[in-house]
Amino acid sequence: MTDQPVLAGDVPADLVAVAERHGQAVAAGDTAATLADFRPDRTGQLTGSARLPDRLVSSRLLRLEAEPDGLVAAYIRYTAEDGTAAVLRSRWVKLDEGWRVTQVRNIPATPPVMPAGPRDDGLDVPHWEGLRDGEVRVQRCARCGHWIWAPQPVCPRCHGFELAWPVVEPAGVVYSWTRTWQPFAPELSGHVPFVVVLAELPAAGGRRLLGVLRDGDGDGVRVGQAVLGEIDPAPDPGGWPVLRWRLA
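Residues numbered from 1 in each chain as written. Predicted model: local features only at pLDDT ≥ 70, side-chain atom pairs only at ≥ 80, totals over all residues. Heavy atoms only, no water.

1. Some details on the overall build of the chain
Right, so step 1: Each helix and strand counted, the chain has four helices and 15 strands in total.
Right, so step 2: Its C-alpha atoms put the chain at 70 × 35 × 35 Å along the principal axes.
Right, so step 3: In the chain, which comprises 248 residues, the share counted as buried stands at 44%.
Right, so step 4: In the form shown here, the chain has an accessible surface area of approximately 12600 Å², with 53% of it arising from carbon and sulfur atoms.
Right, so step 5: The distance from the centre of the 26 positive side-chain charges to the centre of the 31 negative ones in the chain is 4 Å. (Helix = DSSP H or I, 4+ residues; strand = E, 2+ residues; numbered from the N terminus. Buried < 20%, exposed > 50% of the residue type's maximum accessible area, 1.4 Å probe, protein only. Areas by Shrake-Rupley, 256 points an atom, 1.4 Å probe, with all protein chains shown as cover. Lys, Arg positive; Asp, Glu negative; His and termini not counted. Charge placed at Lys NZ, Arg CZ, Asp CG, Glu CD.)

2. So, the side chain of Gln103
Right, so step 1: With respect to the element layout, Gln103 can be found in strand S5 (residues 98-107).
Right, so step 2: Gln103 gets classed as buried once you look at its relative accessible area, which sits at 6%.
Right, so step 3: Those residues in contact with Gln103 that lie beyond four places of it in its chain are Leu46, Arg89, Ser90, Arg91, Trp181, Pro193 and Asp217. (Contact = heavy atoms within 4.5 Å.)

3. Some points on the nonpolar core
Right, so step 1: By size, the foremost hydrophobic cluster in this structure holds 22 residues, and its most contacted members are Leu15, Leu61, Leu64, Tyr78 and Trp92.
Right, so step 2: Per-element accounting of this core gives the leading share, six residues, to helix H1 (residues 13-27).
Right, so step 3: Leaving out residues up to four positions away in the same chain, Trp92 has contacts with Leu15, Val18, Ala19, His22, Asp37, Leu71, Val72, Ala74, Trp99, Arg100 and Val101.
Right, so step 4: Ranked by size, the runner-up nonpolar core spans 20 residues in total, among them Val136, Val168, Leu201 and Leu213. (Core = buried A, V, L, I, M, F, W, Y, C linked by side-chain atoms within 4.5 Å.)

4. A closer look at the pattern of salt bridges
Right, so step 1: All told, the structure shown has 14 salt bridges when counted by the stated rule.
Right, so step 2: Residues Arg21 and Asp37 are paired through a salt bridge, measuring 3.2 Å at the closest nitrogen-oxygen approach. Within this pair, whereas Arg21 is found in helix H1, its partner Asp37 is found in the loop between helix H2 (31-36) and helix H3 (43-47), the two being separated by 16 residues in sequence.
Right, so step 3: Take Asp37: its relative accessible area is 4%, and that puts it in the buried class.
Right, so step 4: What you see here is one network of salt bridges that share partners, running through Arg214, Glu230, Asp232, Arg244 and Arg246. (Salt bridge = Lys/Arg side-chain N within 4 Å of Asp/Glu carboxyl O.)

5. Some thoughts on the layout of surface pockets
Right, so step 1: When its volume is computed, the largest pocket comes out at roughly 490 Å³.
Right, so step 2: Together, 24 residues line the largest pocket, and His127, Trp128, Leu210, Gly211 and Leu243 are the ones closest to its centre.
Right, so step 3: Elements supplying a minimum of two residues to the lining of the largest pocket: helix H4 (125-132), strand S12 (194-201), strand S13 (207-213) and strand S15 (242-247).
Right, so step 4: If you tally residues by element for the lining of the largest pocket, the top one is S13, at five residues.
Right, so step 5: Each residue belonging to the lining of the largest pocket can be placed in one class, and the counts come to 17 nonpolar, three polar and four charged.
Right, so step 6: Lining the second largest pocket are 20 residues, with Val26, Thr34, Phe38, Thr47 and Leu52 sitting closest to its centre.
Right, so step 7: Elements supplying a minimum of two residues to the lining of the second largest pocket: H1, H2, H3, strand S3 (72-80) and strand S4 (85-95).
Right, so step 8: For the lining of the second largest pocket, the class distribution of residues is eleven nonpolar, six polar and three charged. (1 Å grid on protein atoms, 1.4 Å probe; cavity = no way out; pocket = protein on both sides within 12 Å on 5 of 7 lines; lining within 4 Å. Points joined across faces, edges and corners; volume = space filled by probe spheres on them. Nonpolar A, V, L, I, M, F, W, Y, C, P; charged D, E, K, R; others polar.)

6. So, unusual backbone geometry
Right, so step 1: Going from Trp149 to Ala150, the amide bond is cis rather than trans, its omega being 5°.
Right, so step 2: Assignment of secondary structure puts Ala150 in the loop between strand S8 (147-148) and strand S9 (163-164).
Right, so step 3: Residue Pro193 is reached from Val192 by a cis peptide bond, and omega for that bond is 0°.
Right, so step 4: If you trace the backbone, Pro193 turns up in the loop between strand S11 (171-180) and S12.
Right, so step 5: Not every positive phi belongs to a glycine, and Arg55 is a case in point at roughly 55°.
Right, so step 6: With respect to the helices and strands, Arg55 occurs in the loop between H3 and strand S2 (56-66).

7. With respect to the sheet that holds strand S7 (residues 139-141)
Right, so step 1: The antiparallel open sheet is built from three strands, whose spatial order is S8-S7-S9. One side of each edge strand has no neighbouring strand; the edge strands of this open sheet are S8 and S9.
Right, so step 2: Pairing between S7 and S9: two bridges, direction antiparallel. Bridging across to S9, Arg140 finds its partner in Ala164. (Pairing = 2+ DSSP bridges.)

8. Focus: the sheet that holds S2
Right, so step 1: Ordered by their spatial adjacency, five strands build an open sheet running S1-S2-S3-S4-S5, and the pairing between neighbours is mixed. In this open sheet, the two strands that pair with only one neighbour each are strand S1 (6-8) and S5. On average, adjacent strands in this sheet sit at an angle of 25° to one another, irrespective of strand direction.
Right, so step 2: The sheet contacts of H1 involve S1, S2, S3, S4 and S5, and relative to S2 the element is tilted by about 150°. (Axes fitted to C-alpha atoms, helices over the stretch in contact; angles between N-to-C directions.)

The values are spatial; any link to function lies outside them.
Next up, the structure:
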């Protein structure tokens, strides 16, 4: 087995040494050298983008892959004293001052788990209980048939109180989406960038539900694209499942 990195596509020869040196600097805890490799206008963003084990002892450049947009992705495995390892993918761009990291994240590209659960007023509890049962439930007026989201105590159309929670097919289209590059909370570290999708559901009268896109960075996502909902189980016994969207 060779320790040489795999080179995929037209990878510039000088980047191999640069990426290897970068990995060694990270593993050695050389903050100055690590930051010097970052794209200057993204230093703050990149600092908290990835999550590594404590007490690193080594790094290994696994793969360099040329990407269609002119960037080159470097996959580097970092190993800690206790044998724990993590793989980071850094994307490199050639600037006037040389190769610089323009993006970094943990691999696999796992969508973040953010706080989930019912609102304080409890009106959406049936929706969250439905997710626990593996179903997507959306509020609907039993009197006039109007679909309601976000949940309300009374039908906004007929003012009826006969509100039901039928199960709907979690399939729709992207109405809007946004990509987040900043780890605004500790639980997001290692998972940026990620994409949040507002999906419009034909089976629920065109009501729109939010969810994190399962497809990592969301490359290629666009308005009108078909998505399917998937339910991730609660991360702990007292928690709540979350609805995610996958590009169909």
